[in-house]
Amino acid sequence: MREKTPAERKLQDDVPEPVKKRRLQEVIQTFYEILFQKNSSEIGKKHLVLVEGKSRKSPSYLKGRSDTNKKVIFPDIPTPLFSDDGTFSDIISPVKPGDYVVVVIESSSGVSLRGHPIVSMTQQQFYNVYQKFTQKDNETTSKIRTTPTTTTTTTTTPTKTKTKEHNHNIILQSEQ
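Computed from a prediction, not measured in an experiment: that's the story for all the values here.

A. A look at a nonpolar patch on the surface. Together, Leu24, Ile28, Phe31, Tyr32 and Val111 give the surface a local cluster of nonpolar side chains, amounting to about 440 Å² of exposed area. With respect to the secondary-structure elements, phenylalanine 31 resides in helix 2 (residues 17-40). Taking the relative accessible area as the measure of exposure, phenylalanine 31 reaches 46% and is therefore partly exposed.

Okay, here's the thing in structure tokens:
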């Protein structure tokens, strides 16, 4: 029992230690199952990610926080800039901490999401322009289309590991 609580003063701890441990494991297992379901629903969605820096596990990846405050890992590759006139710029720029990048989520693993960066833009540009793309995803493919390539994604929960092949690559097009 927690110290300095009415329960500690008035109740007796009659739950055996093995039962406490089993219950804790059930709660943890349920937490990760729900987290896996919620993160799996993010696959295919586009999020504005604030870049925090290099990934802890690999220097060729960056980490950041999505607009829903979820940890996102993505490759450290240069991305095009979104220009003020509403088109994709021809300028390709390296991504650095503090930048905002639109990332397409490709997989989830544990407590983080993995994706591929599409374009660098400001928060205002994302919510003024790009948010329309995510709301009408199927209607607005003039800027983003997919072309066949194969990537393999592995997602892991405490109970199972799932490997999936994705046949797509994001290609940017200028608005005409």
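Additional details are given in the paragraphs that follow.
B. Highlighting the pattern of salt bridges. Inspection of every chain in the model, using the stated rule, returns 7 salt bridges. In this structure, lysine 20 engages glutamate 17 in a salt bridge whose closest nitrogen and oxygen atoms are separated by 3.9 Å. Taken as a pair, lysine 20 and glutamate 17 lie in helix 2 at a separation of 3 residues, close to a single helical turn. The partner of glutamate 42 in a salt bridge is lysine 70, with the nearest N and O atoms 3.7 Å apart. One end of the pair, glutamate 42, is in the loop between helix 2 and strand 1 (46-54); the other, lysine 70, is in the loop between strand 2 (61-66) and strand 3 (71-75), with 28 residues separating them in the sequence.

C. Quick look at the confidence of the model for the protein. Within the protein, residue pLDDT values average 77, and 73% of them lie at 70 or more. Mean pLDDT values over the elements of the protein span from 41, in strand 9 (residues 161-172), up to 95, in strand 3. Contacts of residues 138-157 to residues separated by more than four positions or lying in other chains number 66 contacts, the stretch itself having pLDDT below 50. Low pLDDT (under 50) marks residues 159-176, which in the prediction has 57 contacts with non-local residues, meaning those over four places away or in another chain.

D. Local environment of the pairing of strand 6 (residues 100-109). The element strand 6 is largely enclosed, with a buried count of 8 among its 10 residues. Pairing of strand 1 with strand 6 involves 5 bridges; the strand directions are antiparallel. Its bridge partner being in strand 6, leucine 50 is matched across the sheet by tyrosine 100. Across 8 bridges, the pairing between strand 6 and strand 7 (residues 112-120) is antiparallel. Residue pairing across strands places valine 102 opposite valine 119, the latter belonging to strand 7. Taken together, strand 6 and the strand that follows it, strand 7, pair antiparallel across an intervening segment of 2 residues, in which glycine 110 is found at a positive phi of about 65 degrees.

E. Focus on the environment of valine 129. With respect to the helices, strands and loops of the structure, valine 129 is situated in helix 3 (residues 123-135). With a relative accessible area of 26%, valine 129 lands in the partly exposed category. The spatial distance from the C-alpha of valine 129 to the C-alpha of threonine 87 is 9.9 Å, given a sequence separation of 42 residues.

F. Focus on helix 2. With 24 residues, helix 2 extends 35 Å from end C-alpha to end C-alpha; this agrees with the ideal 34 Å at 1.5 Å per step. For helix 2, the full list of buried residues reads Leu35, Phe36 and Asn39.

G. Looking closely at the packing of aromatic side chains. Enumeration over the complete set of coordinates arrives at 2 aromatic pairs. Between phenylalanine 126 and tyrosine 127, the ring centres sit 4.9 Å apart and the planes meet at 85 degrees, which makes this aromatic pair edge-to-face. The ring of tyrosine 61 has arginine 114 lying over it, and the distance from NZ or CZ to the ring centre is 5.7 Å.

Cut-offs and rules
Residues numbered from 1 in each chain as written. Predicted model: local features only at pLDDT ≥ 70, side-chain atom pairs only at ≥ 80, totals over all residues. Heavy atoms only, no water. Patch = residues over 30% accessible without salt bridge, like charges linked within 9 Å, V, L, I, M, F, W, Y side chains within 5 Å. Areas by Shrake-Rupley, 256 points an atom, 1.4 Å probe, with all protein chains shown as cover. Salt bridge = Lys/Arg side-chain N within 4 Å of Asp/Glu carboxyl O. Helix = DSSP H or I, 4+ residues; strand = E, 2+ residues; numbered from the N terminus. Buried < 20%, exposed > 50% of the residue type's maximum accessible area, 1.4 Å probe, protein only. pLDDT = per-residue confidence, 0-100. Contact = heavy atoms within 4.5 Å. Pairing = 2+ DSSP bridges. Expected span 1.5 Å × (residues − 1). Phe/Tyr/Trp six-rings, centres within 6.5 Å; stacked < 30°, edge-to-face > 60°. Lys NZ or Arg CZ within 6 Å of the ring centre and 35° of its normal.

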